[in-house]
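Architecture at a glance
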Amino acid sequence: MAEKQWHGVSRAEFRWNPVIDYTKCTSCGLCLLSCGSGVFAWSKSQETYLVANPGNCVVGCTTCGRVCPELAISFPDDPTHFVKAAIVKHKIFPAVKKELAARLEKSPDHVVDAPRAGDGGGSNG
Ligand code: SF4
Ligand code: SF4
């Protein structure tokens, strides 16, 4: 299987994933339901949710941490700081540019013909 990448850099380079504080977790399961990347799993034997696939976590994402009602999920850093540091270290923008070109080519619905909000055309005065 191909190695996971983050904009041309091995995903393994980035230690970004949620950590559950089990002194706070009530096993509500919202983290599993809120993650589209298959990071969490239910452990039948331990009767709790686990960060089963940390390498699937999207670098910079904090969605599960924001929906956890017990504030039981933390990340290794502030996401903006982490991603900015990763951008500077790995100089990802050439790869980002190529990925964007491929995405817009493949997904025409991502291209619209509309002004930006606030660029005129509104009727606020
Ligand atoms: S959302 Fe928070 S409290 Fe609920 S199972 Fe996940 S970590 Fe535990
Ligand atoms: S931060 Fe985002 S991608 Fe990572 S586990 Fe939470 S919801 Fe999933």
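Reference entry: report on the structure contained in this document. (Residues numbered from 1 in each chain as written. Chains lettered and ligands numbered in written order. Predicted model: local features only at pLDDT ≥ 70, side-chain atom pairs only at ≥ 80, totals over all residues.)

1. Some words on the overall build of the protein
Note the cut-off: For the purposes of this entry, the term helix denotes a DSSP run of H or I that reaches at least four residues, the term strand denotes a run of E that reaches at least two, and both are numbered from the N terminus. All radius of gyration figures rest on C-alpha atoms, and the globule criterion is 2.2 Å times the number of residues raised to 0.38. In this scheme the burial state of a residue depends on its C-beta neighbours within 10 Å: 20 or more other such atoms mean buried, 12 or fewer mean exposed, and anything in between means partly exposed; the C-beta positions come from the backbone. Two residues form a contact once the distance between their C-beta atoms, set from the backbone, is within 7 Å.
Regarding its fold elements, the protein presents four helices and six strands. Starting at the N terminus and walking to the C terminus, you meet the elements of the protein as β-β-β-α-β-β-α-β-α-α. By the compact-globule yardstick of 14 Å for 125 residues, the protein is too spread out, its C-alpha radius of gyration being 19 Å. Considered along the principal axes of its C-alpha atoms, the protein spans approximately 55 × 40 × 25 Å. For the protein, with 125 residues in total, the buried portion stands at 10%. Within the protein, residue pairs in contact and separated by at least 24 positions form 56% of the contacts whose partners lie at least 6 positions apart.

2. Section: the site of ligand 2
The criterion, for reference: Note on definitions: a residue is near a molecule or strand provided its C-beta atom, placed from the backbone, lies within 6 Å of it. Each residue is assigned to one of three groups, with Ala, Val, Leu, Ile, Met, Phe, Trp, Tyr, Cys and Pro labelled nonpolar, Asp, Glu, Lys and Arg labelled charged, and all others, Gly among them, labelled polar.
All residues adjacent to ligand 2 are Pro18, Ser34, Cys35, Ser37, Val39, Cys57, Val58, Cys61, Thr62, Thr63 and Cys64. Looking at the shell around ligand 2 residue by residue, the classes come out as seven nonpolar, four polar and no charged.

3. Considering the site of ligand 1
Neighbouring ligand 1 are 13 residues; Cys25, Cys28, Leu30, Cys31 and Cys68 lie closest to it. Partitioned by chemical class, the residues of the shell around ligand 1 number nine nonpolar, three polar and one charged.

4. Regarding helix α3 (residues 79-90)
So the rule is basically this: Take the residue count of a helix, subtract one, and multiply by 1.5 Å to get its expected span.
For α3, spanning 12 residues, the distance from its first C-alpha to its last is 16 Å, which sits close to the expected 16 Å at 1.5 Å a residue. Among the 12 residues of α3, zero are classified as buried, and the element is accordingly described as predominantly exposed. After α3 finishes, the residue Lys91 shows a positive phi value of roughly 50°.

5. Concerning the nonpolar core
Rules: Take the buried Ala, Val, Leu, Ile, Met, Phe, Trp, Tyr and Cys residues, join any whose C-beta atoms are within 7 Å, and the set you get is a nonpolar core.
One finds Trp16, Ile20, Cys31, Cys35, Val39, Phe40, Tyr49, Cys57, Cys64, Cys68, Ala72 and Ile73 forming the largest nonpolar core, which totals 12 residues. Those residues in contact with Ile20 that sit more than four places away from it in its chain are Cys25, Tyr49, Val51, Ala72 and Ile73.

6. Comments concerning the pairing of strand β5 (residues 48-51)
Put simply, the rule is: One requirement defines pairing of two strands: DSSP has to find at least two bridges between them.
One ladder, built from four bridges, connects strand β4 (residues 40-43) with β5; its direction is antiparallel. Bridge pairing in β5 places Ala41 opposite Leu50.

7. Some remarks on unusual backbone geometry
With phi around 50°, His7 is a residue other than glycine that occupies positive phi space. When you line up the elements, His7 lands in the loop between β1 (5-6) and β2 (9-10). A positive phi angle, close to 60°, is found at Ser27, a residue other than glycine. As for its position among the elements, Ser27 is in the loop between β3 (19-20) and α1 (30-34). Accessibility expressed as a C-beta count within 10 Å gives 15 for Ser27, which makes it partly exposed.

8. Description of helix α4 (residues 93-106)
Spanning 14 residues, α4 covers 20 Å between terminal C-alpha atoms, matching the ideal 20 Å at 1.5 Å per step. The buried count for α4 comes to zero of 14 residues, which makes it a mostly uncovered element.

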